[in-house]
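Overview (structure and organization)
Okay, here's what each chain looks like letter by letter:
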Amino acid sequence: MDAAAAIARPPVSEGSPTRPSAGAHSLAPAPFDKPTADVVLRTADNVVFRVRSHILLEASPILESKLASLTPVENPTAVHQSPFLSSVPPSPVSSHDPVPSVPPGPSSPWDLIPPSPIKRSPSPEYIDPRGFAGAPPEGPLTPPLQPTGTGTPRAQVRVLDLPEHSKVVEILLRICYPILNPPLDMPLADIGDTLRAAIRYEMVLPIAILGSHLIVCARDAPIPVWALACRLGLEDVARGAAEHLLAQRTLAVERDEDLRGVTSGQYFRLREFWRVQGKVDERFQLLSAPELLGRPAECCAKRTGPFLRFEELKHCDLVCCASDGLEFRVHTAVVSAASAVLRLQIPPPRIVKKICKKGSKCGHSTGRCVYTDDPCVLHLEEDGQVIGTLLELCYWGDSTLPLDISTDIFQLAPLMAAALKYKMQTVTPLLRTHWSMVARCQPLQAYLCAVKYGLTGTAAEAAKTLVQQSFDGLYDPELENTPALAYHRLVAYYNSCRAIAHELLSSTEESTPSAFRQGDKTDSVGVAVGDSATTNQATPAPSADDWFAGLVSALAVSADAHPGHVAAASDSDSVYESATSAGQWCPTCQPLARKLSRLSGTLRDMSERIAEVEFVL
């Protein structure tokens, strides 16, 4: 095959990017344009790199195997005809010009090399590069190429198509080549593309150099670098970027695009690493979850038993086919009454033309149209477990819902999604009742499942329930299957509610003595709202100001952990009960009563303002 034709031919492999036309190729800059190189790399944008095979073989075992499977392109005149092998175009020769006489060439192309003017004398210290000691042998030191009949060495190149862009390939080659390169100054997106290619080809040196450069870039952009390391699976780079976040007061994600391709589990571990200031176990990893946090297999088990009740139905005229091949013979009237969406999707009955034979007793001598007895077929996108359970609820109501489904949020979620999708007015309230009971106990799982199945309103309800519980350190294995942006939305909502609680409590705390506010927040003077602890009779009651300051401080600590719970559980009755338990009432306690009244109003405002916080998914 002609070398120039092989370089210019379009690729035929599936999945390769669309390339320009064959004539739109261009030559890479130096030093990747040397005609003596024996490998041609053609990129997705049709840029041709002439490189040395021995450098590629040492740099990448993947490229080594690819090159070994290619057949060299041999062409005696490729050195002069291919624009990639020589920068000097051939001189035009007309067909009418006389053919010049060519003297006979030497017997070997290496005879054209003039003898060296340096006289070498035999020396026992001389070591020949080919491994011979003593006098230098006569002949060339380099193994000769196969000579051609005209005395020109034959060009042998291997042409390899790469799916990467030319700027990615050039960066990788410059790192591998023993040349002086300019500093790496490129956007993070280009570094990511180059690192992704280096990982694909198992190029150890580019991975190490680009990874170290990313850690340096993390000083100015820790979140984008951490996210890039998560996408590429680089634990060391992710840890280096996370350490730059320890000095920041908040985890500020400026762009939603930075979290693209990152899981909520990775975001959770970054937040925990930042929250405990890097004081984690030596086995802690940012990119992967420990095995002990995995969900037990029985928690995700699906219903495997058959739907025996459908076998008892008679005169069925509809077959509902699930995505996994399960079929349910039901009645069109029941399905149409349960779902207005499915009513429009049910195909009409099939009509066939029946021709009566001559002389038959039916009395028809011409053809007539009749309805066939074959049931209609309705294909649905959900699996058999979801379709079968929904049809059971349509026929027999809530009593048929198994206990393992009614108490498992992960099995209720697809049922809720399908019921809302098909607008099942009777089934949806039944499922929502079970969902609400389970979501109150498992708000994080309810939120993650709602996000997974696109239940935006249900996810917002779960977020409002979650804000009443402690959020820091709360983990669920479903985080590993949820996009990080959903968890980031939940964290932002939680922080907004927490900020409201702190703002209102700080305004109340301004009337307390400053000496106490700067003291230990875990002092025994502070009594949490709702606690029924009584004051020891042997211990004198603290002053009203000190006791009130301790109460506000305890509320602030509680609001930091679960702001919604403090706002919902704190009322005037609990506040006055705490004051009574602390022995603060006497005939002259009117100033303290006014303070408690203001605090009760603050807690009511907190509950109302937190309820007004909008959750945006």
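Cut-offs and rules
Residues numbered from 1 in each chain as written. Predicted model: local features only at pLDDT ≥ 70, side-chain atom pairs only at ≥ 80, totals over all residues. Heavy atoms only, no water. Helix = DSSP H or I, 4+ residues; strand = E, 2+ residues; numbered from the N terminus. Buried < 20%, exposed > 50% of the residue type's maximum accessible area, 1.4 Å probe, protein only. Contact = heavy atoms within 4.5 Å. Axes fitted to C-alpha atoms, helices over the stretch in contact; angles between N-to-C directions. Parallel < 35°, antiparallel > 145°, perpendicular 65-115°, else oblique. Left-handed = near helix turned anticlockwise from the far one by under 90°. Pairing = 2+ DSSP bridges. Salt bridge = Lys/Arg side-chain N within 4 Å of Asp/Glu carboxyl O. Core = buried A, V, L, I, M, F, W, Y, C linked by side-chain atoms within 4.5 Å. pLDDT = per-residue confidence, 0-100. Expected span 1.5 Å × (residues − 1). Nonpolar A, V, L, I, M, F, W, Y, C, P; charged D, E, K, R; others polar.

1. A look at the overall build of the protein chain
Across its full length, the protein chain holds 24 helices and ten strands. In the protein chain, which comprises 617 residues, the proportion classed as buried is 40%. For the protein chain, contacts bridging at least 24 residues in sequence account for 69% of all contacts bridging at least 6.

2. Focus: the side chain of histidine 213
Along the chain, the position of histidine 213 falls in helix H7 (residues 204-217). By relative accessible area, which is 18% here, histidine 213 ends up buried. Residues in contact with histidine 213, not counting those within four places in the same chain, are Leu184 and Ile191.

3. Topic: the packing of helix H5 (residues 166-176) against helix H6 (residues 188-200)
Between H5 and H6, whose axes approach to 9 Å, the crossing angle comes to 65°. Taken together, the axes of H5 and H6 lie roughly perpendicular to each other. As H5 runs across H6, the sense of the crossing is right-handed. Between H5 and H6, the residues in contact are Lys167, Val168, Ile171 and Leu172 and Asp190, Asp193, Thr194, Ala197 and Ala198, respectively.

4. A look at the sheet that holds strand E7 (residues 327-330)
Read across the sheet, three strands follow the order E7-E6-E10 without closing on themselves; strand pairing throughout is mixed. Across the chains shown, the open sheet's two edge strands, defined by having one partner strand only, are E7 and strand E10 (376-379). When strand polarity is set aside, the average angle formed by the axes of neighbouring strands in this sheet is 25°. Pairing geometry for strand E6 (residues 318-321) and E7, over four bridges, is antiparallel. Looking at the pairing, cysteine 320 lines up with phenylalanine 328 of E7.

5. Quick look at the pattern of salt bridges
Scanning all chains against the criterion turns up 15 salt bridges. Among the salt bridges present, the one from lysine 421 reaches glutamate 382, with a minimum N-O distance of 3.2 Å. Of this pair, lysine 421 sits in helix H15 (residues 409-421) while glutamate 382 sits in the loop between E10 and helix H13 (384-396), and the two are 39 residues apart along the sequence. On the accessibility criterion, lysine 421 (37% relative accessible area) is partly exposed. Of the charged contacts in the structure, one is a salt bridge between glutamate 478 and lysine 452, with a shortest N-O distance of 3.9 Å. In this pair, glutamate 478 is assigned in the loop between helix H18 (456-466) and helix H19 (484-509) and lysine 452 in helix H17 (residues 443-452), connecting sequence segments 26 residues apart. Using a relative accessible area of 6% as the deciding quantity, one classes glutamate 478 as buried. Owing to a relative accessible area of 52%, lysine 452 belongs among the exposed residues under this scheme.

6. Section: the nonpolar core
Judged by nonpolar contacts, the single largest core of 107 residues is most densely connected at Trp226, Tyr267, Leu390, Leu431, Trp435 and Tyr447. Top contributing element to this core by residue count: H19, with twelve residues. Here leucine 431 is in contact with Leu390, Leu393, Leu412, Leu415, Met416 and Ala419, once residues within four sequence places are set aside. Of all hydrophobic cores here, the second largest spans 24 residues; its members include Leu41, Leu162, Cys176 and Met203.

7. Considering the pairing of E7
Only one face of E7 is buried, namely the one carrying Phe328 and Val330, since none of Glu327 and Arg329 on the opposite face is buried. Counted between consecutive antiparallel strands, the loop separating E6 from E7 contains five residues, among which glycine 325 sits at a positive phi close to 100°.

8. So, the confidence of the model for the protein chain
Of the residues in the protein chain, 63% have a pLDDT of 70 or more, and the chain-wide mean is 74. For residues 292-301, every residue scores under 50 in pLDDT, and the model assigns this stretch eleven contacts once sequence neighbours within four places are set aside. Ignoring residues within four places in sequence, the model shows residues 363-367, a span with pLDDT below 50, making six contacts including any to other chains.

9. Description of the pairing of strand E2 (residues 39-42)
Strand residues, when the strand is regular, have side chains that alternate between the two faces of the sheet. Every second residue of E2 is oriented toward a common face, with Val39 and Leu41 on one face and Val40 and Arg42 on the other, all of them buried. Relative to strand E3 (residues 47-51), E2 is paired through four bridges, and the arrangement is antiparallel. Bridge assignment links valine 39 to a residue of E3, and that residue is valine 51.

10. Concerning H6
Helical geometry: 3.6 residues make up each α-helical turn, so side chains three or four residues apart lie on a common side. Here H6 contains 13 residues, and its C-alpha end-to-end distance of 18 Å stays within 8% of the 18 Å for a straight helix at 1.5 Å per residue. Those residues of H6 that fall on the buried side of the exposure criterion are Asp190, Ile191, Gly192, Thr194, Leu195, Ala197 and Ala198. Those residues of H6 that are buried are in contact with H5, H7 and helix H8 (222-232). Count one or two residues on from H6 and you reach glutamate 202, which has phi positive near 55°.

11. Examining the packing of helix H16 (residues 427-441) against H17
In contact at an axis separation of 5 Å, H16 and H17 are set at 125° when each is read in the N-to-C sense. The pairing of H16 with H17 is recorded here as oblique in orientation. Contact residues: Trp435, Ala439, Arg440 and Cys441 in H16; Pro443, Ala446, Cys449 and Ala450 in H17. Looking at the contact of H16 with H17 residue by residue, the classes come out as seven nonpolar, no polar and one charged.

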